[in-house]
Structure formats: C-alpha cells, structure tokens
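In case you want the letters, here they are:
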Amino acid sequence: MYSKKCSPSEGCVDRSTLVSEDGKNIKSVLCQRCGSKVLCPGMAVFAEKELFLPSMRKKTTITQSQGSVDRDKLTAHWLVDDMYTFENVGFTKDVGRIKYLICADCEIGPIGWHCLDDKKSFYVALERVNHA
C-alpha cells in the first residue's frame, strides 16, 4: 500500500517500514543533523503532494545575480494539521505566502513547508528527516 515507488539511488525512502496501516508515522521523526525529535510516532499522516523546497545543500558558486535558488521536487511528506503537534520545529520568516519548517535546535532546513492560506497543513519531507 505505501511501498517504495523509486530506487534508493533516487533519494527515495522505503515507506513500508515508516507508514502504519492507518497511514500514520510508525517511528519518531528526527532531524538529520542533530537528531532532535521533530514528531513522535503516530502524530502525522503520510501524504503525497508535489512541493518544491529550497535545496539543503550549500552552493559551490554564488549566483546572486541570477536571483535563483536551487530547489528540489519532493513528493513524500508527513502531514500535520496543528503546529502544536510538533515536538521541535521552527519556522522561517514569510517567503511570499509560505513559511518553511526548520529544526528548532540546529536550524537546518528547510525540512518542510507551510502555506499561510491553509492553517491546517504542515508538510515535512520524508527525505529531509531521519526515522527511529
């Protein structure tokens, strides 16, 4: 039902070990850098939505004149409907109508996305977090 749809070399996560029968996260969701707990088990629902998040990798060359930001297309997310469900998450300043989610401890990110038009949708990209 929630099986892997692409190969690990493409950066995909094996969802069968992460998503319960009722679609919730089986494991804790942790920051990839510092290991801080972002979500407890059973607090988020798996959702597929195509979102473009700024890359977490540092650029090797500065392209400020182009005004572009490297972005990754991500489709597998944990969906949370209340910001107070998170154990540990920070929010960036508004970027248009979007706030990006970051680790509140080490400030790495963005690990997720929130549109200000939808007060009940907070997305955390599976590929941007660890699970334990």
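Predicted model only: the values in this text are computed from it and were never measured.

*Asks:* So what exactly am I meant to see when it comes to the overall build of the chain here?
*Replies:* The helix and strand tally for the chain stands at 0 helices and 9 strands. Going from N to C terminus, the chain has its helices and strands arranged as β-β-β-β-β-β-β-β-β. The buried share among the 132 residues of the chain stands at 42%. By sequence separation, contacts in the chain at least 24 residues apart represent 50% of the contacts at least 6 residues apart.

*Asks:* Teacher, can you tell me more about the pattern of salt bridges here?
*Replies:* Where charged atoms from two side chains of opposite charge approach closely, those side chains can pair. Tallying each qualifying case throughout the model produces 5 salt bridges. Lys73 is the salt-bridge partner of Glu50, the closest N and O atoms lying 3.8 Å from each other. Residue Glu50 is located in strand β3 (residues 45-54), and its partner Lys73 is located in strand β4 (residues 71-80); the two are separated by 23 residues in the primary sequence. The exposure class assigned to Glu50 is partly exposed, which follows from its relative accessible area of 49%. Exposure remark for Lys73: the relative accessible area of 51% places this residue in the exposed category. With a closest N to O distance of 2.9 Å, Arg97 and Asp117 form a salt bridge. Of this pair, Arg97 sits in the loop between β5 (90-91) and β6 (98-102) while Asp117 sits in the loop between β7 (112-115) and β8 (122-125); the two residues are 20 residues apart in sequence, bridging distant segments of the chain.

What counts and what doesn't
- Within each chain, residues carry numbers counting from 1 in the order of the written sequence.
- Predicted model: local features are reported for residues with pLDDT of at least 70 only, side-chain atom pairs are reported and counted for 80 or more only, and whole-chain, interface and lining totals are derived from all residues.
- Values shown for side chains rest on all heavy atoms present in the structure; no hydrogens or waters enter the calculation.
- In this text, helices come from DSSP runs of H or I with a minimum length of four residues, and strands from runs of E with a minimum of two, each type numbered from the N-terminal end.
- Only protein chains enter the accessibility calculation, which uses a 1.4 Å probe; a residue is then buried when its area is under 20% of its type maximum, exposed when over 50%, and partly exposed in between.
- Throughout, a contact is declared for two residues whenever any of their heavy atoms are within 4.5 Å.
- A side-chain nitrogen of Lys or Arg and a carboxyl oxygen of Asp or Glu constitute a salt bridge if their distance falls within 4 Å.

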